[in-house]
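# Working through the structure, step by step
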Amino acid sequence: MDPLMLLFLLIAGLTGADSVSSVGRVSVQSGGSVTIPCSYDGRYKTHVKYWCRGSGWSSCTYIVRSDSPQKDEVSISDDPDQSVFTVTMNNLTAGDSGSYLCGVEISRGSAVGTRIYLSVTEGSPGLSVDKQEMTGVEGDSVSVQCRYEYYYRELSWCKMGGSCASEGSGSLDGRPVLITDDTVNKVFSVTMRGLERKDTGWYWCDNGNQQIPVHITVSQRTTTTTSTEQTIRASATKRVLQTVSVHDEEGGNNEKQKWEQVLDAALKAGTGVLYLICTIIAIQLHWSSCRKRGSNQREAEGGANTNHGS
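First things first, this report covers the structure right here in the doc. For every chain, the first residue of the written sequence is number 1, and numbering continues from 1 along that sequence. With the structure being a predicted model, the display of local features is reserved for residues of pLDDT at least 70 and the display and counting of side-chain atom pairs for 80 or more, all residues being used for whole-chain, interface and lining totals. Note: side-chain values were computed over all heavy atoms of the structure, leaving out hydrogens and water.

### Here's the deal with the overall build of the protein chain
Heads up, the condition is: Secondary structure elements are defined from DSSP: runs of H or I of at least 4 residues count as helices, runs of E of at least 2 residues count as strands, and each element is numbered from the N terminus. For every residue, the accessible area (1.4 Å probe, protein chains only) is compared with the maximum for its type, and the residue is labelled buried under 20%, exposed over 50%, or partly exposed between those bounds. The criterion used for residue contact is that any of the two residues' heavy atoms lie within 4.5 Å.
For the protein chain, the count of helices and strands is 2 helices and 19 strands. Counting every position in the protein chain, which comprises 310 residues, the buried fraction comes to 35%. Residue pairs at least 24 apart in sequence account for 61% of intrachain contacts in the protein chain once pairs closer than 6 positions are excluded.

And the structure:
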């Protein structure tokens, strides 16, 4: 490495440590992976970020940089909006144990950064979480289980760029936090309540010697609520339409049956009336016929009597 650059790096290590911050010691089980966040000063948003291996600036060997192609086992990602870049290392082995530096290049030959020690173990790591990525919804809560093999002073929950909360402290930067320790199962649980969008960011569990980072993303409740309400309204509308359809169908059937009954009764009544009319006409015809025959007979008898008198 260029001696001039070494000089600048040494100076940066003494004067620029506050410009970049991260966890101090991380323990990971062999074969696993880990993501380490490095926070930097906002004025370095457009600067190159890097991850190198070495116990000091003078012996730091670049592994990956934000301005160069990513490697299969190690990747770097920069989020200028949050002023945080992350380094992810996969398929870790015992040979990966050692000191690393996450740094920001200020100019050619000068940089600022901070040192992290990575320990890769064959057995259970000293401090771990099931997932490094957690999600929550505004107004709700999110819980993280931090598993430990031992702890030195006290167990705590910290926010990158903020403060730390320990068991019984009750809050973290004004956010209500419940921390409980299950000494039997060696798990201390952290529950953050009343989440807000601004709570999105990097946190870590701390056992007094090691840390394990956790990223929490808080999403808007309105999107989920609106979607749920629309689903409920659509479902209710569908049920109403189905009910109306069934009622209409039933009403139509009932109306049809009613008219069929009326028509049937009308036909029966009409048949009876027609039969009665025909009967009356027949009687009248018969009666008229009988009267005509009687009249003719009387006329005939009257004529006969006249002839006999003559």
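### A look at the sheet that holds strand S12 (residues 142–148)
Rule in force here: Any two strands between which DSSP finds at least two bridges are classified as paired.
If you trace the 5 strands from one edge of the open sheet to the other, you get S10-S12-S17-S16-S15, paired in antiparallel fashion. Here the strands that pair on one side only, and so sit at the sheet edges, are strand S10 (127–129) and strand S15 (171–172). Two strands pair when backbone bridges link them, and strand S16 (residues 175–182) and strand S17 (residues 187–192) are joined in this way by 6 bridges, in the antiparallel orientation. In the sheet register, Leu 178 faces S17, and the bridge partner there is Thr 191.

### Overview of the packing of aromatic side chains
Rules: Between the rings of Phe, Tyr and Trp (Trp by its six-membered ring), a pair exists once the centres lie within 6.5 Å; its type follows the angle of the planes, with under 30 degrees stacked, over 60 edge-to-face, and the other angles tilted. The rule for a charge over a ring is simple: NZ of Lys or CZ of Arg within 6 Å of the ring centre, and within 35 degrees of the ring normal.
Applying the stated criterion across every chain, the model contains 5 aromatic pairs. Ring centres of Trp 51 and Tyr 100 lie 5.1 Å apart, and the angle between their planes is 10°; this geometry places the pair in the stacked category. Taken together, the positions of Trp 51 in strand S4 (residues 49–53) and Tyr 100 in strand S8 (residues 98–107) put the pair 49 residues apart, joining distant regions of the chain. Assigned by exposure class, Trp 51 and Tyr 100 land together as buried. Across the ring face of Tyr 40, the terminal group of Lys 49 is positioned such that the distance to the ring centre comes to 4.3 Å. Arg 65 extends its terminal NZ or CZ atom over the ring of Tyr 62, reaching a point 5.2 Å from the ring centre.

### Looking at the pairing of S12
Taking every second residue as pointing to the same face, the buried face of S12 carries Val 142, Val 144, Cys 146 and Tyr 148, while none of Ser 143, Gln 145 and Arg 147 on the other face is buried. In terms of strand pairing, S10 meets S12 through 3 bridges, oriented antiparallel. Looking at the pairing, Ser 128 lines up with Arg 147 of S12. With 6 bridges joining them, S12 and S17 adopt antiparallel strand pairing. Looking at S17, one finds that Ser 143 is bridged to Thr 191.

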